[in-house]
Amino acid sequence: MTPEVGTLACTAVGGLVVSVEAEAYRIAPEDVRSLIFAGRPAPVTCSRVRHVHGVPMGEITIEGHAAVHPAGRAVVIHTRVGSWIIPLVSFQRVARGEAASAPLFPLVPEVGI
């Protein structure tokens, strides 16, 4: 199974939304800054709503992480459903609000021959 193409978009408060396969993941504003300026991996979270005795209960779970690629020219986003890559320049433009969104490209694992 190959991951679907996704989108990276900014939020009004400075965080990012990663949309892939009908799921919306988030990267918190402080984690975006830490990723861009210090190169620290950032948790990718997802809000889940479940009903307990008819009462909606929300929880936020860590579903993966985003990290700068070792070459330093891209950001790789890993979740349970797959992995995507985006050029670092595009990631930074969306994070700064210069672009409303940018496409994510599926990262297909290499198969040994």
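Note: the structure precedes this text.
Every chain is numbered independently, its residues counted from 1 as its sequence is written. Given that the model is predicted, a residue must reach a pLDDT of at least 70 before its local features are reported, and side-chain atom pairs must reach 80 or more before they are shown or counted; all residues, however, enter totals for whole chains, interfaces and linings. Hydrogens and waters are ignored; side-chain quantities use all the structure's heavy atoms.

Q: Would you take a moment to explain helix 2 (residues 88-96) for this structure?
A: Since the α-helix turns once every 3.6 residues, residues separated by three or four places project in the same direction. Along helix 2, the positions that sit buried rather than exposed are L88, F91, V94 and A95. Viewed end-on, helix 2 has its buried residues packed into an arc of 130°, placing them on one side of the element. In helix 2, the exposed positions angled more than 90 degrees off the buried face are occupied by V89 and R96. Each residue's exposure class comes from its accessible area (1.4 Å probe, protein chains only) as a fraction of the maximum for that residue type: buried when under 20%, exposed when over 50%, partly exposed otherwise. A run of H or I in DSSP counts as a helix once it spans at least four residues, and a run of E counts as a strand once it spans at least two, with each numbered from the N terminus. The arc in question is formed by the directions pointing from the helix axis toward the C-beta atoms.

Q: How should the pattern of salt bridges be read in this particular structure?
A: Proximity of charged atoms lets side chains of opposite charge pair with each other. A carboxyl oxygen of Asp or Glu within 4 Å of a side-chain nitrogen of Lys or Arg is what we treat as a salt bridge. Counted according to the given criterion, the structure contains three salt bridges. In this structure, the salt-bridge partner of R80 is E63, at a minimum N-O distance of 3.0 Å. Of this pair, R80 sits in the loop between strand 6 (74-79) and strand 7 (82-87) while E63 is found in strand 5 (residues 55-68), placing the two residues 17 residues apart along the sequence. R93 is paired through a salt bridge with E98; the nearest N and O atoms lie 3.8 Å apart. R93 gets classed as partly exposed once you look at its relative accessible area, which sits at 38%. Exposure remark for E98: the relative accessible area of 47% places this residue in the partly exposed category.

Q: Honestly, the pairing of strand 3 (residues 23-27) in this entry has me stumped. Any pointers?
A: Side chains on a regular strand alternate between the two faces of the sheet. Two strands form a pair only when DSSP identifies at least two bridges running between them. Of the pairings in the sheet, the one linking strand 2 (residues 16-20) to strand 3 comprises five bridges and is antiparallel in character. By the bridge assignment for strand 3, V20 is matched with E23. Between strand 2 and strand 3, which pair antiparallel in sequence order, lie two residues; one of them, E21, sits at a positive phi of approximately 45°.

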